[in-house]
Each structure stands twice: as C-alpha cells, then as structure tokens.
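# Residue-level structural notes
So you can see what is in the structure, the chains are spelled out below.
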Amino acid sequence: MAKEILVKPQGSFQGTIKIPGDKSISHRAIMLGAIAEGVTKISGFLEAEDTLATLAVFEALGVKIERPAKGEVIIQGVGMHGLRAPTKSLDVGNSGTSMRLLSGLFSSQPFDVELSGDKSLSVRPMRRVTDPLNEMGAEIACEEDGTPPLKISGGNKLKGMIYDLPMASAQVKSAVLLAGIYAEGETQVNEKGILRDHTERMLEGFGYDIRYGDGSAKLSGGGKLTAQSIVVPGDISSSAFFIVGACIAEDSDLVLENVGINPTRDGVIRILKLMGADIEIVREYQAGGEPVADLRIKYAPLKGIVIPEEWVPLAIDEFPAIFIAAACAEGETVLRGAAEMRVKESDRIQVMQEGLVKLGVDAETLPDGMIIQGSQIQSGTVDSHGDHRIAMAFAIAALRSAGDIHILDCENVDTSFPEFVSLTREVGLNISELS
Ligand code: S3P
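Residues numbered from 1 in each chain as written. Predicted model: local features only at pLDDT ≥ 70, side-chain atom pairs only at ≥ 80, totals over all residues. Heavy atoms only, no water.

### Describing the overall build of the protein chain
Counting its regular elements, the protein chain contains 12 helices and 23 strands. The C-alpha radius of gyration computed for the protein chain amounts to 21 Å, which stays within 12% of the reference 22 Å derived for 435 residues, consistent with globular compactness. C-alpha extents for the protein chain along the principal axes are approximately 60 × 45 × 45 Å. Taking all 435 residues of the protein chain together, 60% fall into the buried category. A fraction of 74% describes how many contacts in the protein chain between residues 6 or more apart in sequence connect residues 24 or more apart. Averaging the positions of the 41 positive and the 61 negative side-chain charges in the protein chain gives two centres separated by 3 Å. (Helix = DSSP H or I, 4+ residues; strand = E, 2+ residues; numbered from the N terminus. Rg over C-alpha atoms; globule rule 2.2 N^0.38 Å. Buried < 20%, exposed > 50% of the residue type's maximum accessible area, 1.4 Å probe, protein only. Contact = heavy atoms within 4.5 Å. Lys, Arg positive; Asp, Glu negative; His and termini not counted. Charge placed at Lys NZ, Arg CZ, Asp CG, Glu CD.)

### What about the pattern of salt bridges?
Working definition: two side chains of opposite charge can pair if their charged atoms are close together. Counted by the stated rule, this structure contains 22 salt bridges. The partner of glutamate 200 in a salt bridge is lysine 173, and the shortest N-O contact between them spans 2.6 Å. In this pair, glutamate 200 is assigned in helix H6 (residues 198-205) and lysine 173 in helix H5 (residues 170-180), connecting sequence segments 27 residues apart. Here aspartate 197 makes a salt bridge to arginine 201, at a shortest N to O gap of 3.0 Å. Since its relative accessible area comes to 11%, aspartate 197 is described here as buried. (Salt bridge = Lys/Arg side-chain N within 4 Å of Asp/Glu carboxyl O.)

### Considering the packing of helix H7 (residues 236-248) against helix H9 (residues 319-328)
Running from amino to carboxyl end, H7 crosses H9 at an angle of 10 degrees, the nearest separation of the two axes being 9 Å. Taken together, the axes of H7 and H9 lie roughly parallel to each other. Each of Ala240, Phe241, Val244 and Ile248 in H7 lies in contact with H9, whose residues at this interface are Ala321, Ile322, Ile324, Ala325 and Cys328. Its residues placed into classes, the contact of H7 with H9 shows 9 nonpolar, no polar and no charged. (Axes fitted to C-alpha atoms, helices over the stretch in contact; angles between N-to-C directions. Parallel < 35°, antiparallel > 145°, perpendicular 65-115°, else oblique. Nonpolar A, V, L, I, M, F, W, Y, C, P; charged D, E, K, R; others polar.)

### Re the nonpolar core
Soluble, globular proteins show a tendency: their nonpolar side chains are buried together. Phe242, Leu272, Phe319, Ile324, Leu356 and Ile407 are the most contacted members of the largest nonpolar core, which has 82 residues in total. Apart from residues lying up to four places away in sequence, phenylalanine 319 is in contact with Ile271, Ile307, Val312, Leu335 and Met341. Counting residues in each nonpolar core, the second largest holds 68 residues, with Val57, Met80, Leu90 and Met126 among its members. (Core = buried A, V, L, I, M, F, W, Y, C linked by side-chain atoms within 4.5 Å.)

### What about the domain arrangement of the protein chain?
Examined at the domain level, the protein chain breaks down into domain 1 (4-21 + 233-434) and domain 2 (23-231). When each unit is reduced to the centre of its C-alpha atoms, the spacing between domain 1 and domain 2 is 28 Å. Contacts between domain 1 and domain 2 engage 30 residues on the former and 26 residues on the latter. Of all residues in domain 1, Arg265, Glu345 and Thr415 bury the most surface against domain 2, accounting for 22% of the area lost on that side. At the junction of domain 1 with domain 2, the criterion picks out 4 salt bridges. A salt bridge links arginine 124 to glutamate 345, with the shortest nitrogen-to-oxygen separation between them at 4.0 Å. For the interface between domain 1 and domain 2, the tally reads 15 residue pairs in polar contact (both at pLDDT 80 or more). Residue composition of the side of domain 1 that touches domain 2, grouped by class: 11 nonpolar, 9 polar and 10 charged. (Domains from an automatic or database assignment. Buried area = accessible area lost by both parts, 1.4 Å probe. Polar contact = N/O pair within 3.5 Å; in protein donor to acceptor, adjacent residues only side chain to side chain.)

### Notes on the site of the ligand
Taken together, the neighbourhood of the ligand is formed by Ser24, Arg28, Thr97, Arg100, Ala168, Ser169, Ala170, Gln171, Arg196, Ile316, Asp317 and Lys344. Note that an oxygen atom of the ligand is positioned 2.7 Å from one of the side-chain N or O atoms of serine 24. For the ligand, the accessible surface in isolation is 380 Å², of which the surrounding protein chains cover 96%. Of all the cavities here, the one that holds the ligand is the largest pocket. Every element with two or more residues in the shell around the ligand is listed here: helix H1 (23-35), helix H3 (96-105) and H5. (Near = heavy atom within 4 Å. Areas by Shrake-Rupley, 256 points an atom, 1.4 Å probe, with all protein chains shown as cover. 1 Å grid on protein atoms, 1.4 Å probe; cavity = no way out; pocket = protein on both sides within 12 Å on 5 of 7 lines; lining within 4 Å. Sits in = over half its atoms within 2 Å of the grid points.)

### As for the layout of surface pockets
Empty space within the largest pocket amounts to approximately 560 Å³. Together, 36 residues line the largest pocket, and Ala168, Ser169, Ala170, Ile316 and Lys344 are the ones closest to its centre. Put simply, the parts of the chain that give the lining of the largest pocket at least two residues each are H1, H3 and H5. Among the residues making up the lining of the largest pocket, the classes are represented as 9 nonpolar, 10 polar and 17 charged. Two domains each donate at least three residues to the lining of the largest pocket, and these are domain 1 (4-21 + 233-434) and domain 2 (23-231). (Points joined across faces, edges and corners; volume = space filled by probe spheres on them.)

### Quick notes on the sheet that holds strand E14 (residues 229-231)
Spatially, the 4 strands line up as an open sheet ordered E4-E5-E3-E14, and their pairing is mixed. The open sheet terminates on both sides in strands that have one partner only, identified here as strand E4 (64-66) and E14. Pairs of neighbouring strands in the sheet enclose a mean axial angle of 15 degrees, with direction left out of account. Where strand E3 (residues 37-43) lies against E14, 3 bridges are found, and the strand directions are parallel. From the neighbouring strand, serine 43 faces E14, where its bridge partner is valine 231. Lying on the sheet, H1 is in contact with E3, strand E5 (73-78) and E14; it crosses E5 at an angle near 40 degrees. (Pairing = 2+ DSSP bridges.)

Structural data, given as structure tokens:
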C-alpha cells in the first residue's frame, strides 16, 4: 500500500464482490490449528499483515504451515504441548489481537517468549491482559507504563479463576480463556457487555469442552484440540466501508457475498438500519461455525440517531465508517459509551474528529464518544495517523464530498485489507495510490 491515497469526489457503489476473510477468525484459526492434534485446513484465510504476523509466530515456534493457494493454509498441529522455544523476540507488528491472545496462550509454556510490536502497538495498554494472567500464576512483565514489549517467563503453572472483565474487550476475554485451557481447574470469564465470541465458537469447533453464552464463558484446563477444516467468512469490519459507501452514495446498489454476520459483530448493520439504511440479508448460511450472509445495500437517505450504548461493543471497529455515515445523515448523531475507541490503533475519537473537522463536518468529541451534525463533506487533506480503519473511512467519504480527499499515512491499510483500493475501485470509487 502506498503512503498516501487520493480520492476524487462522488460516484456510487455498484456490483457484486466477495469480501476477504475475517481478521479475528483468521488469527484464531492459526492459533488453535497450531496447538491441535492433526492437520487443520483453513480456507478464506485473510492474507494481511496482522494475520500473517500470527502465522509467522507459530512458524518461529516450530509449527509447519503451508500456503498452497491464496487464502488456503494447512497447519501441521503440534498438540497442546508441542510448541518449541523461539530463538528470537517475536514481532507482531501492528496487531493487538496477536499480542493479547498470544500472551494468554504462551503464559504457561515451558520456554520464555518476548512479544514486541510496531510504533502504534508499542503504546497500547497491556496490563489488561498481564494483570489477570499474572493472577492465574503467569509471570509476564511489560514496561512500567503498561505497554509492550511483553516478556513472558516460561515454566509457570496456572490456576483457573473466575474473572469479571473490567472493560468490554474480547481480546482480554480470549487471552484468559486461552490461558485457561492450560490451567489447573476451571476458568470462567464474565463479560462486560456483549463481546465477540469467535474464540469460544472455535474452541468448540476444535472439540474443546466449553460452555458460553449469556455473558460468560467457562472451561476447564487439560483438554485437547482436534484438527478441523475451517472456512473463514468475509470480514464484517472490512465490509463496513462498502456498506456505508453504498448507503451514502446516490444510485448505489451493491451486493457483498460471504459476510460473517455473527450477532456479536453485527452492530454496524443494526446502527445503519436504525439510521434508515436499506440493507437486505439476501442469503443466510453457516460456515466454520459462524453465521454468514450475502448483503444487498442500496442508497437511502440517513437520519441522525442516538446510538444505543448496548450496541457499542458489537460495532467497536466500525465507528470510523459509521461516523462518515453520520456526517452524511440529516441531523445529529450521538455516540456515548465508546471510550475503548481511544485505545485502538490510534485514538479513533480524536483522530476521526480532527479529520472530519478538516473536511468541514461539525463534529465534537466526548470523553467516550462523539457528536456529529450532518454536514456537506468538503475537500481536504486528512491524516490517518497510521490507522488502517481511519484511512479507509475517509476514502469512502469522497462518495459524498464536494472535492478531492487526500489521506496521509495509509501504509497500514495492509494490516487488515490489502485489497481495499482495488475492490473499492472495482465497485466505483475514483481512488488512487500516491507514493
Ligand atoms: C478483536 C477484538 C476487539 C477489536 C479488535 C479485534 C479480537 O478488540 O477491536 O480489532 O479479535 O478479539 P478489544 O477486544 O480490545 O475490544
């Protein structure tokens, strides 16, 4: 991906496309496949920097992984206790999911592991995982201010525990559960709000005994995983840019095939429908233990809303795109209860507000959200601060802008969606990469 993106105004989204694989599910498929017994075959795997970072970690731990074709991955599982000591520090780049989930999985291995990341990941909070894991008996050190690198000492025995999540984080829930499969006794995580349940679904798919639902997940350590074939559905978070684009651009009529619509992830659809969007679920089916659908989205005038707070975790990654929808809606949109957005790949409340204001949109930050007045989006230059989802959100804003939008610091679009430029171009966006 080039450093900068230039998007020319107007246009509409037309056609039928398939969205690349879900990032959260792709990470988990590699992790569980690696420690399963037997050969796991993944299709629809997201080949992006974040998920490839997870794959490279397991290769460094001695797991044989083949990639015979695009989106296909074959993992020779080594079993629960077959990982080997790495010879170097493991760099997971921009990927918070890799660092947090792996800290759980590696917290009781017989060897030491060091996990490091890029500039953005190196300032993200990690005590949220090291605290509960250390309480279970792990020994994980981070920097004094709670940031990476994480130094995990090997050879510790863990004890299961009941953990009430202090924040709405599926990454923390998953880290504790992945430590729990190696711990003595029972581990239970009680959620704050409804959180994505891909870890639970996939553990179940690999034959691990787990009970989950109604805001908690519970398992006992000492079980084993049996290799599986996994079909990864399309990523609803990547789809969000196309869904919003088609909602805001007049004459749009777009079909997205193969989108994961897990009810713990579908907040973007719920929120846009409440704003008046025309989104139709054309065909619904199951794949890889997850509900999947084809979505048909047509342009419809949107109105501002107060976003129901209980839906916030269901759309936590989609707010950059939803803010663009709010800017194109009639009237005021209010988001509260989304303070977690401030500790993502960037402070997404601050960075989105700055960019929206630069484009002439009336947007005001709240400590835990944003108030946006529907406005005419103008032209201008915005800085994505190296955050993939900010860059992609401002790219689709051009569908309703008065002039060109120039977006800076876009390399990290490759962390989740390397095909973004080619796919948006295919359905009608006038987008180019500048070097
Ligand atoms: C993810 C959980 C979310 C999300 C991230 C992926 C996951 O993070 O923002 O992009 O795969 O579990 P939090 O759990 O920290 O909210």
